[in-house]
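Breakdown of the fold
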Amino acid sequence: MFDFLKNHPFGVVAELERTVVLSFAVPKAELQRLTPSFLELDTFQDEWGFVAVAIVHTMHLRPVGFPTWMGNDFWLIGYRVFVRYHNTKGKRLRGLYILGSETDKRRMAFLGELFTRYRYTLKQLTAMTSGLRTSVRSPDGSTSVVYDEGPKDIALPTASVFKDWSEARRFVGPLPFTFSHDRSSNSVVIVEGARSDWEPRPVSVQSHAFSFLDGLGLGDLRLSNAFVIDRVPYHWKRGVLEPLPA
């Protein structure tokens, strides 16, 4: 009855205190089945598509116009596919399609399910930093990442499909748009994001485990880059609906 509420009906602001992004290359034929037909995979060498895992410590998330003290602080893990969409004006928009989202706060899981189509579930997470090493993990270890920050000559992941960090940088964002599908009206929901700063730094991933990715049934999943970004003010505009062909 209130399905329209899931179309991101108001603007939202937050500070992304820390964002860690791991991008996994997947043969495009495998990844296409996970995305709606109106979206085109954003590929590398016309061979690889990408699933990005973004682990975000989010601060003061609130509707536009609300005071900071009314915001919510939480951990968020978003599983997203790099895609492109051709809109009705003939523009080719680059963005993300959300496969699923995890958060450590029950309130955010509820609100995320109410106001978005990003498939929120509750998962407890804890973070610890010692020196240059940071770990974020769930109590059962089904979701975890351990990464090191350090010198500028950090090597790409061993299985990376990129030849250097310059190539890898293209698949870390920020991407201006997020897309989802309102099936009740057969429309694409387009949410535009804006940020005032985004300076990714390579990190070295020591270990990772994502049960969500395991459940996707992808046979060839290659960690190809990993970056960290700190203290980014972010603004998501109200969702815009664009009808799809019948």
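Okay, so let's go over this structure.

What counts as what
- Residues numbered from 1 in each chain as written.
- Predicted model: local features only at pLDDT ≥ 70, side-chain atom pairs only at ≥ 80, totals over all residues.
- Heavy atoms only, no water.
- 1 Å grid on protein atoms, 1.4 Å probe; cavity = no way out; pocket = protein on both sides within 12 Å on 5 of 7 lines; lining within 4 Å.
- Points joined across faces, edges and corners; volume = space filled by probe spheres on them.
- Helix = DSSP H or I, 4+ residues; strand = E, 2+ residues; numbered from the N terminus.
- Nonpolar A, V, L, I, M, F, W, Y, C, P; charged D, E, K, R; others polar.
- Phe/Tyr/Trp six-rings, centres within 6.5 Å; stacked < 30°, edge-to-face > 60°.
- Buried < 20%, exposed > 50% of the residue type's maximum accessible area, 1.4 Å probe, protein only.
- Lys NZ or Arg CZ within 6 Å of the ring centre and 35° of its normal.
- Core = buried A, V, L, I, M, F, W, Y, C linked by side-chain atoms within 4.5 Å.
- Contact = heavy atoms within 4.5 Å.
- Arc of directions from axis to C-beta.
- Pairing = 2+ DSSP bridges.
- Axes fitted to C-alpha atoms, helices over the stretch in contact; angles between N-to-C directions.

1. Details of the layout of surface pockets
Reported here for the largest pocket is a volume of approximately 900 Å³. The wall of the largest pocket is formed by 43 residues, among which L61, L76, Y118, Y120 and W236 lie closest to the centre. Counting residues per element, the ones that place at least two in the lining of the largest pocket are β1 (12-27), β3 (48-63), β4 (72-86), β5 (92-103), α2 (106-115), β10 (177-182) and β14 (222-236). For the lining of the largest pocket, the class distribution of residues is 29 nonpolar, eleven polar and three charged. Estimates place the volume of the second largest pocket at around 170 Å³. Every residue lining the second largest pocket is listed: N87, K89, L93, F177, I190, V191, E192, K237, R238, V240 and E242. If you list the elements that add at least two residues to the lining of the second largest pocket, you get β11 (187-195) and β15 (240-243). When residues of the lining of the second largest pocket are assigned to their parent elements, the largest contribution, three residues, is made by β11.

2. Looking at the packing of aromatic side chains
One pass over the full model with this rule turns up 16 aromatic pairs. Ring geometry for F50 against F82: centres 6.5 Å apart, planes inclined by 85°, an arrangement best described as edge-to-face. Highlighted residues: F50 in strand β3 and F82 in strand β4, separated in sequence by 32 residues. Across the pair, exposure class does not vary: F50 and F82 are buried alike. An angle of 15° between the planes, with centres 4.3 Å apart, marks the rings of Y79 and F212 as stacked. Of the two residues, Y79 is situated in strand β4 and F212 in helix α4 (residues 211-214); the sequence distance between them amounts to 133 residues. According to the relative accessible area criterion, F212 is partly exposed, its value standing at 23%. Ring-pair connections join several aromatic residues into one group, and the members of that group are F44, F50, F82, F162 and F171. For R94, the ring lying beneath its charged end belongs to F171, and the centroid distance is 5.4 Å.

3. Details of the nonpolar core
In terms of nonpolar packing, the biggest core is built from 38 residues, with L22, I55, Y85, F179 and F210 touching the most fellow members. Looking at this core, the elements that each hand over two or more residues are β1, β3, β4, β5, β9 (143-148), β10, β11 and β14. Considering every element that reaches this core, the biggest residue donor is β4, with six residues. I55 has contacts with R18, T19, V20, L22, W75, L76, I77, V136, V145 and F210, leaving out every residue within four places of it along the chain.

4. Considering α2
Within α2 the residues assigned to the buried category are M108, A109 and G112. Looking straight down α2, one finds that the buried residues subtend no more than 105° of arc, so they occupy a single side. Facing away from the buried side of α2 by more than 90 degrees, the exposed set consists of R106, R107 and F110. In this fold, the buried residues of α2 make contact with β3, β4, β5 and β6 (120-122).

5. Some words on the sheet that holds strand β7 (residues 126-130)
Adjacent strands of a sheet form backbone hydrogen bonds with each other and so pair up, either parallel or antiparallel. Read from one edge to the other, the open sheet built from four strands follows the order β7-β8-β9-β13, with strand pairing classed as antiparallel. The open sheet terminates on both sides in strands that have one partner only, identified here as β7 and β13 (204-210). The mean angle between the axes of side-by-side strands here comes to 5°, regardless of whether they run parallel or antiparallel. Bridge count between β7 and strand β8 (residues 133-137): five bridges; the pairing is antiparallel. By the bridge assignment for β8, A127 is matched with V136.

6. Remarks on the environment of G11
Inspection of the secondary structure puts G11 in the segment before β1. C-alpha separation for the pair G11 and W236, spaced 225 residues apart in sequence, amounts to 5.5 Å. Setting aside its immediate chain neighbours within four residues, G11 contacts R62, P63, V64, W236, K237 and R238.

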